[in-house]
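Survey of secondary and tertiary structure
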Amino acid sequence: MSKKIYLAGPITGKSWGESEDWRDRFKLALKDTAPHIIGYSPLREKSEILQKEAFINDSYENTLFSSQRAIMSRDFFDVQTSDAVVANLRGATTVSIGTVMEMAWAYQRRIPLVVITEFKDGRIDNLHNHAMLREAANWWVETEEEALEVVRALFTP
């Protein structure tokens, strides 16, 4: 049986590449090393509209998957139906409100949460460093490879 991993992280104010490239790498690494684990991007079915944008807005009304209601509905559904969440906060320049909500939803459902972020002198070095987020996440790691290792260990016998 396959496992669903939701790939959270900043999107608003980023380009398509900045938002999706790490997700593509992560999904490919899962496919290559643990094909029973499937990564879900919140950007799926949105490339036609969002790839054209220099900087992605928080919503695009009158669209099927990018209106505020569609984003909230599908992202909430995706987190609620996931077996784990990986949130990549590396390089964040502003607080990602959507990602913080997704982390809270995961915590509320006791869904394993792995956060990728920067460290300095053994401490989290990211503007998302907050007591509530530190408590919500099960693992804080520095690289995508470490996050993959955690996910594979969770779901590979």
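My aim in this report is to walk through the structure given alongside it, one point at a time. (Residues numbered from 1 in each chain as written. Predicted model: local features only at pLDDT ≥ 70, side-chain atom pairs only at ≥ 80, totals over all residues. Heavy atoms only, no water.)

Phi at Asn62 is positive, roughly 65°, even though this residue is not glycine. Locating Asn62 in the fold gives a position in the loop between helix H2 (47-50) and helix H3 (68-80). Classification of Asn62 by relative accessible area gives exposed; the value is 82%. Of note, Arg110 is a non-glycine position whose phi angle comes to about 60°, a positive value. Take Arg110: it is sitting in the loop between helix H4 (97-109) and strand S4 (113-116). (Helix = DSSP H or I, 4+ residues; strand = E, 2+ residues; numbered from the N terminus. Buried < 20%, exposed > 50% of the residue type's maximum accessible area, 1.4 Å probe, protein only.)

Bringing a nonpolar patch on the surface into the picture now. A contiguous nonpolar patch, built from Met72, Val95, Ile97, Met101 and Leu127 and spanning about 450 Å² of accessible area, is present on the exposed surface. Tracing the chain through its elements places Met101 in helix H4. Owing to a relative accessible area of 32%, Met101 belongs among the partly exposed residues under this scheme. (Patch = residues over 30% accessible without salt bridge, like charges linked within 9 Å, V, L, I, M, F, W, Y side chains within 5 Å. Areas by Shrake-Rupley, 256 points an atom, 1.4 Å probe, with all protein chains shown as cover. Salt bridge = Lys/Arg side-chain N within 4 Å of Asp/Glu carboxyl O.)

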